Amino acid sequence: MNDSTTARHWLAAAAPKATPAIATTTVLALARIWNANGAEHSVGNAVLMAALSLGAAAAGVVAGNATGDSVLVGTAFAASGALAFAGVAGYSDGLSLPLLLWSLATAGAYGLAARYWRTDRRETVAYERQTSERREEYAHIERVETLRSTTQIEVARTGAAYAEQLAQALVTRATLPGFDPTALERAGLPALPAVDTSKEH
């Protein structure tokens, strides 16, 4: 009756917790590669990244006003922040500012993710509670039905055994001398089949 559950591997459980750090680290690494390939002090590249970042932020504002979808708005602003971070990390000549921005971006990403994790955890706990209550309810119904059917079977078996014993007693009594079957009929009991006593003589 109970569903079998499989334990999640620890990597599968830890992967969502590491996603913000992996994302910001990936952006930092790509930005530094871009820096080494000509983006350092490139005004054109900086303007491009600033325009892309402002475009993503504007898209987030428009999405928030038009649809109100928090996931879409959060994605747009996250893209805007990632583009701004990549632009600064690609433009800078040292690692101090990119690492500072990386730490701030990682902390911000974990702050935003923690909100969704709490919501997801509450929904998971509520779902598990409802599932447990349904299982207990079904188990109770199953136990009650099992007891009821067992009782019906025992009652039927006892009644059949009693009827068989009564019939055997009546048949045995009918073979005794002086038995009056009409007395049974007057008492309201069903008539017994006639017993041929001529074979006994």
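See above for the structure.
Keep in mind that this is a model prediction, so the values were computed, not measured. (Residues numbered from 1 in each chain as written. Predicted model: local features only at pLDDT ≥ 70, side-chain atom pairs only at ≥ 80, totals over all residues. Heavy atoms only, no water.)

### Considerations on the pattern of salt bridges
Where charged atoms from two side chains of opposite charge come close, those side chains can pair. In this structure the tally under the stated criterion is 2 salt bridges. The closest approach of N and O atoms between Glu-145 and Arg-148, which form a salt bridge, is 2.6 Å. Placement of the pair is Glu-145 and Arg-148 together in helix 4 (residues 96-174), with a separation of 3 residues, close to one helical turn. For the salt bridge of Arg-157 with Glu-154, the shortest nitrogen-to-oxygen distance reads 3.2 Å. Here Arg-157 pairs with Glu-154, and both are found in helix 4, just 3 residues apart, close to one helical turn. (Salt bridge = Lys/Arg side-chain N within 4 Å of Asp/Glu carboxyl O. Helix = DSSP H or I, 4+ residues; strand = E, 2+ residues; numbered from the N terminus.)

### Details of the side chain of Thr-131
Tracing the backbone through its elements, the reader meets Thr-131 in helix 4. For Thr-131, a relative accessible area of 16% puts it in the buried group. From its side chain, Thr-131 meets the backbone oxygen of Tyr-127 in a polar contact 2.8 Å long. (Buried < 20%, exposed > 50% of the residue type's maximum accessible area, 1.4 Å probe, protein only. Polar contact = N/O pair within 3.5 Å; in protein donor to acceptor, adjacent residues only side chain to side chain.)

### Topic: helix 4
Its 79 residues place the ends of helix 4 114 Å apart at the C-alpha level, agreeing with the 117 Å of an ideal helix rising 1.5 Å per residue. Inspection of helix 4 places Pro-98, Thr-106, Ala-113, Thr-131, Ala-139, Leu-170 and Ala-174 among the buried residues, and these make up the whole buried set. (Expected span 1.5 Å × (residues − 1).)

### With respect to the packing of helix 2 (residues 43-66) against helix 3 (residues 70-91)
Where helix 2 contacts helix 3, the two axes come as close as 8 Å, and the packing angle between them is 170°. Classified by the interaxial angle, the pair formed by helix 2 and helix 3 is roughly antiparallel. Here helix 2 contributes Val-43, Ala-46, Met-49, Leu-52, Ser-53, Ala-56, Ala-57, Ala-59, Gly-60, Val-61, Ala-63 and Gly-64 to the contact with helix 3, which in turn contributes Leu-72, Val-73, Ala-76, Phe-77, Ala-79, Ser-80, Leu-83, Ala-84, Ala-86, Gly-87 and Tyr-91. Classifying every residue of the contact of helix 2 with helix 3 gives 18 nonpolar, 5 polar and no charged. (Axes fitted to C-alpha atoms, helices over the stretch in contact; angles between N-to-C directions. Parallel < 35°, antiparallel > 145°, perpendicular 65-115°, else oblique. Contact = heavy atoms within 4.5 Å. Nonpolar A, V, L, I, M, F, W, Y, C, P; charged D, E, K, R; others polar.)

### With respect to a nonpolar patch on the surface
A surface patch of nonpolar side chains, about 340 Å² in accessible area, is lined by Val-88, Leu-97, Leu-100 and Leu-104. The element best represented in the nonpolar patch is helix 4, accounting for 3 residues. Structurally, Leu-104 is set in helix 4. (Patch = residues over 30% accessible without salt bridge, like charges linked within 9 Å, V, L, I, M, F, W, Y side chains within 5 Å. Areas by Shrake-Rupley, 256 points an atom, 1.4 Å probe, with all protein chains shown as cover.)

### Examining the nonpolar core
Judged by nonpolar contacts, Leu-28, Ala-31, Met-49, Phe-85, Ala-86 and Ala-89 together constitute the single largest core of 6 residues. At the level of secondary structure, the elements contributing two or more residues to this core comprise helix 1 (10-39) and helix 3. No other element matches helix 3, which puts 3 residues into this core. Setting aside chain neighbours within four positions, we find Phe-85 in contact with Thr-24, Val-27, Leu-28, Pro-98, Leu-101 and Trp-102. (Core = buried A, V, L, I, M, F, W, Y, C linked by side-chain atoms within 4.5 Å.)

### Section: the packing of aromatic side chains
Following the criterion strictly, the structure yields 1 aromatic pair and no others. Residue placement shows Lys-17 over the ring face of Trp-117; its charged tip is 4.1 Å from the ring centre. Across from the ring centre of Tyr-116, 6.0 Å away, lies the NZ or CZ of Arg-115, which sits over that ring. (Phe/Tyr/Trp six-rings, centres within 6.5 Å; stacked < 30°, edge-to-face > 60°. Lys NZ or Arg CZ within 6 Å of the ring centre and 35° of its normal.)

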